[in-house]
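# Breakdown of the fold
Take a look at the letters that make up each chain.
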Amino acid sequence: MKIGRNDPCWCGSGRKYKNCHSGFDKRIHDLRMEGHEVPTREMIKTPEDIEALREAGKMNTMVLDYAEQFVREGISTEELNVIIDEYTRKLGGIPAPLNYEGYPKSVCISINDVVCHGIPDEHTILSAGDIVNIDCTTIYNGYYGDASRMYCIGEVSEARKKLVQVTKECLDLGLQAVKPWGFLGDVGYAIQQHASANGYSVVREIGGHGIGRGFHEDPWVSHIGRPGQDILLVPGMVFTIEPMINMGKPDVFEDEEDGWTIYTSDGLPSAQYEYTIAVTEDGTEILSR
Ligand code: MF3
Ligand code: CO
Ligand code: CO
């Protein structure tokens with residue numbers, strides 16, 4: 001549907017389109033004509049959406065902050081699942097993973113060679129030497145916040161500690177590569193360069209995602225890429241960056257029994273960090289970390 005120049009802007013500002021997003025839309029149109037993939041209207045959030053995503057993201061960050069004190073040798077991943085489920089609900093949120101496409105728990109906890117989507121279990125106990133990812137997603141007021149962090153349990157080898165450190169750096173370099181009117185390929189390129197400079201590989205099959213009133217929206221966010229390629233980034237886009245970095249080969253496989261758990265094919269460890277971020281007029285804002 002074409003908006004008239006004097007009609008109210010699609011962003012909900014109440015201003016006339018010609019005085020609001022018409023120049024913005026023209027800039028996107030011109031880049032599309034130059035051959036770039038450009039975001040659809042659904043990928044561009046209004047200021048009201050962003051405020052709601054900020055609240056959901058903040059709550060998700062609070063849940064991860066709270067869970068941290070319980071992450072130590074001897075606790076089961078199921079105990080952490082219960083702690084996270086109960087605290088999320090206490091804050092007025094909903095743990096998004098529970099029943100998402102049949103996922104059975106309220107959080108993903110992935111240890112060592114589990115790349116992501118590890119299912120909490122009473123028999124899975126955190127042990128000294130483990131590297132562990134906790135991936136929390138919270139729904140608040142209909143909007144999603146999604147983030148994950150790594151933990152080293154007890155004495156961890158230097159090699160594993162370095163993998164965790166470099167993975168965090170990959171996320172931060174990916175974030176720094178996000179520029180309004182830049183391209184998503186810039187992000188994957190930054191991540192891939194830093195991983196390979198350290199002798200690591202990047203998981204290709206699983207990526208980040210747009211996020212809003214839906215858990216996994218477009219665009220799909222690759223953690224490998226080429227500068228200036230992939231979709232155009234514009235202010236108002238909200239997505240996750242969540243690189244999975246492997247100590248060995250990039251290949252992964254899915255557990256046939258549970259249909260969720262992703263493992264490295266070579267059995268070597270993998271690490272992951274995730275933020276939910278918004279593209280702003282002059283850079284980025286981290287909505288959940
Ligand atoms: N939180 C994961 C992500 O970052 C998705 C987990 S899906 C689930 O996208 F069903 F396993 F929870
Ligand atoms: Co996540
Ligand atoms: Co995510």
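This report concerns the structure included in the present document. Remember, it's a predicted structure, so these values are computed and weren't measured experimentally. Within any chain, residue numbers begin from 1 and follow the written order of that chain's sequence. Ligands are numbered from 1 and chains lettered from A, in the order in which they are written. In keeping with the predicted nature of the model, local features appear solely for residues at pLDDT of at least 70, side-chain atom pairs appear and are counted solely at 80 or more, and the whole-chain, interface and lining totals rest on all residues. In computing side-chain values, all of the structure's heavy atoms are included and hydrogens and water are not.

### Thoughts on the coordination of the cobalt ion (ligand 2)
Taken together, D135 (OD), D135 (OD), D146 (OD) and E274 (OE) make up the protein donors of the cobalt ion (ligand 2), found 2.0 to 2.4 Å from the metal. The site at the cobalt ion (ligand 2) holds 6 donor atoms, and with the angles between them running 58 to 167°, its shape is irregular. Spacing between the donor residues of the cobalt ion (ligand 2) along the chain follows D-x10-D-x127-E. The rule for donors is simple: an N, O or S atom within 2.8 Å of the metal counts, and for Na, K and Ca the reach is 3.2 Å. Water is not among the atoms, so a site may look short of donors. Between the two metal centres, the cobalt ion (ligand 2) and the cobalt ion (ligand 3), the spacing is 3.3 Å, with D146 acting as a shared donor. Here D135, found in strand β4 (residues 131-140), pairs with E274, found in the loop between β13 (270-272) and β14 (275-279); they are 139 residues apart in sequence, far enough to count as distant. An identical accessibility class is assigned to D135 and E274; each is buried. Sites are called tetrahedral only when four donors show all angles between 85 and 135 degrees, square planar or octahedral only when four or six donors show opposite pairs over 155 degrees and all other angles between 65 and 115, and irregular in any remaining case. In this description a helix means any DSSP run of H or I spanning at least four residues, a strand means any run of E spanning at least two, and both kinds are numbered starting from the N terminus. Burial classification: accessible surface area is computed with a 1.4 Å probe over protein chains only, and a residue below 20% of its type maximum counts as buried, one above 50% as exposed, and the rest as partly exposed.

### Considering the site of ligand 1
Think of it this way: one heavy atom of a residue within 4 Å of a molecule or strand is enough to make that residue near it. Near ligand 1, the surroundings consist of 14 residues, among which D146, H209, H216, E242 and E274 are the closest. Here a polar contact means two N or O atoms within 3.5 Å. Within protein one must be a hydrogen donor candidate and the other an acceptor candidate, and residues neighboring in sequence count only if both atoms are side-chain atoms. Between an oxygen atom of ligand 1 and a side-chain N or O atom of D146, the distance comes to 3.0 Å. Take E274: an N or O atom from its side chain is 2.9 Å from an oxygen atom of ligand 1. Amino acids outside the nonpolar list (Ala, Val, Leu, Ile, Met, Phe, Trp, Tyr, Cys, Pro) and the charged list (Asp, Glu, Lys, Arg) are all regarded as polar, and Gly is one of them. Across the shell around ligand 1, the residue classes break down as 6 nonpolar, 4 polar and 4 charged.

### Digging into the packing of helix α4 (residues 158-176) against helix α5 (residues 184-197)
Axis definition: a line fit to C-alpha positions, over the contact stretch in the case of helices; interaxial angles, taken between N-to-C directions, run 0 to 180 degrees. Where α4 contacts α5, the axes come no closer than 8 Å and their chain directions differ by 155°. By the angle class used here, α4 and α5 are roughly antiparallel. For the crossing formed where α4 meets α5, the hand is right-handed. Contact residues: V166, E169, C170, L173 and G174 in α4; V187, A190, I191, H194 and A195 in α5. In the contact of α4 with α5, the residues fall into 7 nonpolar, 2 polar and 1 charged. Roughly parallel covers angles under 35 degrees, roughly antiparallel covers those over 145, roughly perpendicular covers 65 to 115, and oblique covers all other angles. Definitions for this section: a left-handed crossing has its near helix turned counterclockwise from the far helix by less than a right angle. A right-handed crossing has that turn clockwise. Residue contacts follow a heavy-atom distance rule, with two residues in contact if any of their heavy atoms lie within 4.5 Å.

### A few points about the pattern of salt bridges
Side-chain pairs of opposite charge can arise where the charged atoms are in close proximity. Salt bridge, as applied in this entry: a Lys or Arg side-chain nitrogen positioned within 4 Å of an Asp or Glu carboxyl oxygen. Taken as a whole and judged by the stated rule, the model has 12 salt bridges. Salt-bridge contacts for E217 lead to K45; the nearest nitrogen and oxygen are separated by 2.7 Å. Of this pair, E217 sits in strand β8 (residues 217-221) while K45 sits in the loop between α1 (22-33) and α2 (47-67), placing them 172 residues apart in sequence. Using a relative accessible area of 11% as the deciding quantity, one classes K45 as buried. A salt bridge links D85 to R89; the shortest N-O distance between them is 2.8 Å. Here the residue D85 and the residue R89 both occupy positions in helix α3 (residues 77-90), the gap between them amounting to 4 residues, near one helical turn. Looking at D85, the relative accessible area reads 14%, which means it is buried. Overlapping salt bridges bring together E51, R54 and E285 as one network.

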